[in-house]
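Below are the chains, spelled out letter by letter.
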Amino acid sequence: MQKTKMKEKFSLKKELKHAPGYLIVGLWVIFTFVLIGWIILASFSTTREIFDGTLFKFATGLHFENYVKAWTTHKVSSYFMNSLLYTLVSCTMVILIAAPAAYVLSRFKFRGNGLVQNLFATALGIPAIMIIMPLFALVTQAHLNQSKGLIIFLYIAMNVPFTIFFLSTFFHNLSTTFEEAAAIDGCSPMKTFWRIMLPLAQPGIITVTIFNFITIWNEYFISLIFANTAKNRPIAVGLYSMIQSMRYTGDWGGMFAAVVIVFLPTFVLYIFLSEKIIASVTGGAIKG
Amino acid sequence: MKTTKNKAMIILFLAPALILYLFVFLYPTTRTFIMSFFKVEGVTDALSSWKFDGFDNFKTLFGTPLFVSAMKNIGLIWLVGGISVLLISLLFGVILTSGVLGKSFLRSVIYLPNVISAVAMGTMWINYVYNPDFGLFNSFLKLIGQDGLAKTQWTGPELVFWSMLIAYCFGMVGYHMLIWMSGIERIPVDFFEAAKLEGANSFQRFSKITLPLLKGVCRTNIVLWTVSTMSFFVWSQLFSPVNLSENTVTPMSYMYELVFGASSSALTARNSGAGAAIGVILVIIVVVVFTLTQRIVRHDDVEL
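Source: prediction; values computed, not measured.

Rules used throughout
The written sequence of each chain sets the order in which its residues are numbered from 1. The lettering of chains begins at A and the numbering of ligands begins at 1, in the order of writing. Two thresholds apply to this predicted model, a pLDDT of at least 70 for residue-level local features and 80 or more for giving and counting side-chain atom pairs, whereas whole-chain, interface and lining totals are computed over all residues. Counting from the N terminus, the helices are the DSSP runs of H or I reaching at least four residues and the strands are the DSSP runs of E reaching at least two. To assign burial, the other C-beta atoms lying within 10 Å of each residue's own C-beta are counted, with C-beta atoms placed from the backbone; 20 or more indicates buried, 12 or fewer indicates exposed, and intermediate counts indicate partly exposed. Contact between two residues is assigned when their C-beta atoms, built from the backbone, lie within 7 Å. Each radius of gyration reported is based on C-alpha atoms, and the globular scaling rule is 2.2 Å times the count of residues to the power 0.38. Classification convention: Asp, Glu, Lys, Arg as charged; Ala, Val, Leu, Ile, Met, Phe, Trp, Tyr, Cys, Pro as nonpolar; all other residues, Gly among them, as polar. Where each domain starts and ends comes from a domain assignment, either automatic or drawn from a database. In plain words, the nonpolar core is the set of buried Ala, Val, Leu, Ile, Met, Phe, Trp, Tyr and Cys residues that C-beta atoms within 7 Å link up. In predicted models, pLDDT denotes the confidence assigned by the predictor to each residue on a 0 to 100 scale. With axes taken as lines fitted to C-alpha atoms, and helix axes fitted only over the stretch in contact, angles between N-to-C directions fall between 0 and 180 degrees. Reported orientations rely on four angle classes, namely roughly parallel under 35 degrees, roughly antiparallel over 145, roughly perpendicular from 65 to 115, and oblique for the rest. Two helices cross in a left-handed way if the nearer one is turned anticlockwise from the farther one by less than a right angle. They cross in a right-handed way if the turn is clockwise. Under the convention used throughout, the expected extent of a helix is 1.5 Å for every residue step, that is, one less than its residue count.

Student: Requested: an account of the overall build of chain B, with residues and values cited.
Tutor: The helix and strand inventory of chain B stands at 13 helices and two strands. Dimensions of chain B, computed from C-alpha atoms along their principal axes, come out at roughly 80 × 75 × 35 Å. In chain B, which comprises 304 residues, the proportion classed as buried is 42%. Counting contacts in chain B only where the partners sit at least 6 residues apart, residues at least 24 apart contribute 68% of the total.

This is how it looks when you write it as structure tokens:
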């Protein structure tokens, strides 16, 4: 069915009508490819070849040492591991906190339900600038500043509202028959949630987690303020400080290698899961 | 019996999220709001050292040339960038929903910059696209014989603002395109078919059906654009890494300087009260845009 429809669609006359559209979108797409492709090529090249414009020839071979240098001497490995730790722990905790809340908000009628939902919705529009100063004062007083636990805590707290918002819609669309059946069998509501509803919400949980992963991996401002020490820096802040030094030392190959290391995890994730990621963007924005 | 059981569950399930919310959103926002009306030097200063000074922080800010530049810049980013991004993304959304081949592939590529760290994207733009020696723009200009233009200093003081804006907008187009597309795809196909039977051409179908039905999505796009541009920070730092410059300064980067005093030159004295006032100004802008756009949509009786 789908195939015949496609065949029916493909006629030169029809495609010609789309020509201006193809041209505009095509140019944009080509530019994106050139941009990223060039960076990847340059990351295997030398500074001299980049400046001579001969990096496509790879006359001196592929320079994997750019990556080795960035990974070890510029401590990208440490930033990378920090980011991995922050992202994995936060993503898991966000779900453990947001999923129960989203379930209760979408399933139970109680006084204050609407208010609580609105509270979480407002958090989506509060700029980071409104929350960092008191938090900074608080954690400095408590001597918690610049620690790994603090930044993980902040990432969890900051991603819970969006996740609740996203999962509420998801739970809302699940049929109540599962809970009714479970109640007849004598399963308590709480047990029903953990045993039945949470597994049923898996597709939504996976989608929102991929989205949270990308957000936290790329987060910059909060970690610049709360995790900006050589030991705790995540990869985005690490890359920034590294670029500043590499530009002065003139190691361009190494700099582009560092850029590739930074975007590779989310890029690979995106190549395999772009449909899910795109679904989470539209799913989250429609009501916003 | 059952309700009490549910009550315990509701409290238990909501408590962690609510506690986090109170601690990380409600308390800080309230305190920042109050702080904006006090004279506070260091961000960690004790409450007892705060001195009430009414609207002085706001007055000081608007009397500081660098902050005025920051507001001008964010205004231009919001307006010029906003119009360009929303129009280009709408155009892309319309093209991609018009039955082109490879729709999901094209959509994925256009959205791609959004999944890459802004620091990485910015580095690519600054050190490759805008590079005066081997950069993409100047190489291309040389290729088409514009040798004079090929010497353009894209990140020089005259052009740096626009270069920064272009690089920023390039990434945002994909995000807003997805939102337009989700709106366009919710319009029932019969509308278009009926119009086609009546002899409407594709431009008429777009202006008479698509556009009016996209009012709600348009509002979402404007609100989301406002929320994201008000936090404009990384790009400003990437394009002026050492000191704040009036070409690229934004309220956020100015606040960072005021409160955390990062850059080496003491361009600004520590003033956390004024930093808080900047936050309040940004929130007010978001709220005003939110309310104004809501009114536009309320007059609209079509709901999809």
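After that view of the structure, there is still more to cover.
Student: With reference to specific residues and values, describe the overall build of chain A.
Tutor: Each helix and strand counted, chain A has 15 helices and zero strands in total. The C-alpha radius of gyration computed for chain A amounts to 24 Å, which surpasses the reference 19 Å derived for 288 residues by more than 25%, pointing to a less compact arrangement than a globule. The C-alpha extent of chain A, read off along each of the three principal axes, is 75 × 70 × 35 Å. Looking at chain A residue by residue over its 288 residues, the buried ones come to 41%. A sequence separation of at least 24 residues applies to 78% of the contacts in chain A between residues at least 6 apart.

Student: Explain the interface of chain A and chain B to me, and be specific about the residues and the numbers.
Tutor: Facing 74 residues of chain A, the contacting portion of chain B comprises 72 residues. The element that contributes the greatest number of residues to the side of chain A that touches chain B is helix α15 (residues 252-285) of chain A, accounting for 13 residues. Of the residues belonging to the side of chain A that touches chain B, the class tally is 61 nonpolar, twelve polar and one charged.

Student: Would you mind going over the domain arrangement of chain B in detail, with residue names and values included?
Tutor: As assigned here, chain B comprises domain 1 (1-35) and domain 2 (49-298). Placing a centre on the C-alpha atoms of domain 1 of chain B and another on those of domain 2 of chain B gives a separation of 34 Å.

Student: Residue-level account of the domain arrangement of chain A, with values.
Tutor: Residues and elements named next belong to chain A. According to the domain assignment, chain A contains domain 1 (12-65) and domain 2 (68-285). Look at where the C-alpha atoms of domain 1 and domain 2 centre, and you get two points 32 Å apart. Contact with domain 1, which involves eleven residues of that partner, is made by ten residues of domain 2. Of all elements in the fold, only α3 (19-43) and α4 (47-52) reach the threshold of two or more residues within the side of domain 1 that touches domain 2. For the side of domain 1 that touches domain 2, the element with the highest residue contribution is α3, accounting for four residues. A per-class count over the side of domain 1 that touches domain 2 returns five nonpolar, five polar and one charged.

Student: Tell me about the nonpolar core, and please be specific about residues and values.
Tutor: Membership of the largest hydrophobic core comes to 164 residues, with the highest contact counts inside it found for A98, A101, I164, L167, L239, A258 and V259 of chain A. Counting residues per element, this core draws most heavily on helix α9 (residues 148-172) of chain A, at 15 residues. If we ignore the near neighbours within four places in the chain, the residues touching V259 of chain A are I39 and L239 of chain A together with A120, T123 and M124 of chain B.

Student: Please provide a residue-by-residue account of helix α5 (residues 118-129) of chain B, values included.
Tutor: Think of an α-helix as turning once every 3.6 residues; residues three or four places apart then point the same way. Most of α5 of chain B is tucked away, with twelve of its twelve residues classed as buried. Burial in α5 of chain B covers these residues: A118, V119, A120, M121, G122, T123, M124, W125, I126, N127, Y128 and V129 of chain B.

Student: Could you give an account of the confidence of the model for chain A, with specific residues and numbers?
Tutor: Residues and elements named next belong to chain A. Here chain A averages 86 in pLDDT, while 93% of its residues score no lower than 70. Considering each helix and strand of chain A separately, the mean pLDDT is smallest for helix α1 (residues 2-9), with a value of 46, and largest for helix α6 (residues 76-107), with 95. For residues 1-7, every residue scores under 50 in pLDDT, and the model assigns this stretch zero contacts once sequence neighbours within four places are set aside.

Student: Residues and numbers for the packing of α3 of chain A against helix α3 (residues 65-96) of chain B, please.
Tutor: With their axes 10 Å apart at the nearest point, α3 of chain A and α3 of chain B run at an angle of 125 degrees to one another. If you check the angle between α3 of chain A and α3 of chain B, you find them oblique. When the axes of α3 of chain A and α3 of chain B are compared, the crossing they make is left-handed. Seen from α3 of chain A, the contacting residues are G21, I24 and V25 of chain A; seen from α3 of chain B, they are F92, I95 and L96 of chain B.

Student: Tell me about the environment of P113 of chain B, and name the residues and values.
Tutor: Residue and element names in this part refer to chain B. One can find P113 in the loop between α4 (103-111) and α5. On the basis of neighbour count, P113 is assigned to the buried category, with 22 C-beta atoms found within 10 Å. Leaving out residues up to four positions away in the same chain, P113 has contacts with M121, F170, G171 and G174.

Student: Go over the packing of α6 of chain A against α9 of chain A with me, naming the residues and quoting the values.
Tutor: All names here are of chain A. Where α6 meets α9, the closest approach of the two axes is 6 Å, and the angle between their N-to-C directions is 40 degrees. One finds that α6 runs oblique with respect to α9. Remark: the crossing between α6 and α9 carries right-handed chirality.

Student: Got a sec to walk through the confidence of the model for chain B? Specific residues and values, please.
Tutor: Residue and element names in this part refer to chain B. Summing up the model confidence of chain B, the mean pLDDT is 88 and the portion of residues at 70 or higher is 94%. Confidence, expressed as mean pLDDT per element, reaches its minimum in chain B at helix α9 (residues 202-213) with 84 and its maximum at α3 with 95. Model confidence for the complex is summarised by a pTM of 0.89, with the ipTM given as 0.88.

Student: Describe the environment of I210 of chain A, and please don't skip the residues or the numbers.
Tutor: Residues and elements named next belong to chain A. Relative to the helices and strands, I210 resides in helix α12 (residues 202-218). Owing to 22 C-beta atoms within 10 Å, I210 belongs among the buried residues under this scheme. For the pair formed by I210 and C91, sequence separation is 119 residues and the distance between their alpha carbons is 8.6 Å. Discounting chain neighbours no more than four positions away, the residues touching I210 are L269, L273, K276, I277 and S280.

Student: Pulling in residues and values, what's your account of helix α10 (residues 215-230) of chain B?
Tutor: The end-to-end C-alpha separation of α10 of chain B is 23 Å, in line with the 22 Å expected for 16 residues at 1.5 Å each. Among all positions of α10 of chain B, only V217, R219, T220, N221, W225, T226, T229 and M230 of chain B are buried.

Student: Requested: an account of unusual backbone geometry, with residues and values cited.
Tutor: Working note: non-glycine residues mostly have negative phi, and peptide bonds are mostly trans. With a phi close to 55 degrees, H143 of chain A is a non-glycine residue in the positive phi region. Along the chain, the position of H143 of chain A falls in the loop between α8 (129-141) and α9.

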